Each structure stands twice: as structure tokens, then as C-alpha cells.
Amino acid sequence: MAKSGKGYLNLGLIWIVNVILAIIPVTSWILGGITRIMRGHWIMGILQLLLIGEIVFWIVDMVTVIVSGDLRVFA
């Protein structure tokens, strides 16, 4: 699936909004899982939504959003 924007839900939100969403654990968990599924990374999205390794996903989401301004998938 092609990426149409950057950040959560491919909306192309400004960088600071994505950082704020990444800092809040609940929004990072839900929006990160949905974004991964929308981008075609079904397994990572489902694992994130099922709370498997939630803290790991949260830290990865925070770091990648702060550094690159976009949610990255490392799988």
C-alpha cells in the first residue's frame, strides 16, 4: 500500500502534532497500530494493537517521530 502522507494515519500533520501524539502512550498505541495496518504492515499493526510489546512499540514510535517526523516500521 502506498504511503499518502507522513505521521500518524498518513495525514501529513505538522511535526509537533505527531510528537505530541507519540508522547501519549494510548494515542501512540492505537494510532501506531492503525497506521501500520493502513501502510500494509498487517502483522506489526496487529501485534501493536494486541499489546504485545507495547512499551517497545511506544519507544520506537517516539524516537522515529522525533528524529524523522514520520512513523517508521522496522520489520
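Computed from a predicted model, the values in this text were never measured in an experiment. (Residues numbered from 1 in each chain as written. Predicted model: local features only at pLDDT ≥ 70, side-chain atom pairs only at ≥ 80, totals over all residues. Heavy atoms only, no water.)

**Brief notes about the packing of helix 1 (residues 15-23) against helix 4 (residues 54-68)**
Move 1: Closest axis-to-axis distance for the helix 1/helix 4 pair is 9 Å, and the angle between their directions is 165 degrees. Relative to helix 4, the element helix 1 lies roughly antiparallel. Pair helix 1 / helix 4 crosses with left-handed handedness. Of the residues in helix 4, those touching helix 1 at W15, N18, V19, A22 and I23 are W58, D61, M62, V65 and I66.
Move 2: For the contact of helix 1 with helix 4, the class distribution of residues is eight nonpolar, one polar and one charged. (Axes fitted to C-alpha atoms, helices over the stretch in contact; angles between N-to-C directions. Helix = DSSP H or I, 4+ residues; strand = E, 2+ residues; numbered from the N terminus. Parallel < 35°, antiparallel > 145°, perpendicular 65-115°, else oblique. Left-handed = near helix turned anticlockwise from the far one by under 90°. Contact = heavy atoms within 4.5 Å. Nonpolar A, V, L, I, M, F, W, Y, C, P; charged D, E, K, R; others polar.)

**Description of the packing of helix 1 against helix 2 (residues 25-38)**
Move 1: The contact between helix 1 and helix 2 brings their axes to 5 Å, and the two run at 105 degrees. In terms of axis orientation, helix 1 runs roughly perpendicular to helix 2. Packed against helix 1, whose contacting residues are L21, A22 and I23, the element helix 2 presents P25, T27, S28 and L31 at the interface.
Move 2: Looking at side-chain class alone, the contact of helix 1 with helix 2 contains five nonpolar, two polar and no charged residues.

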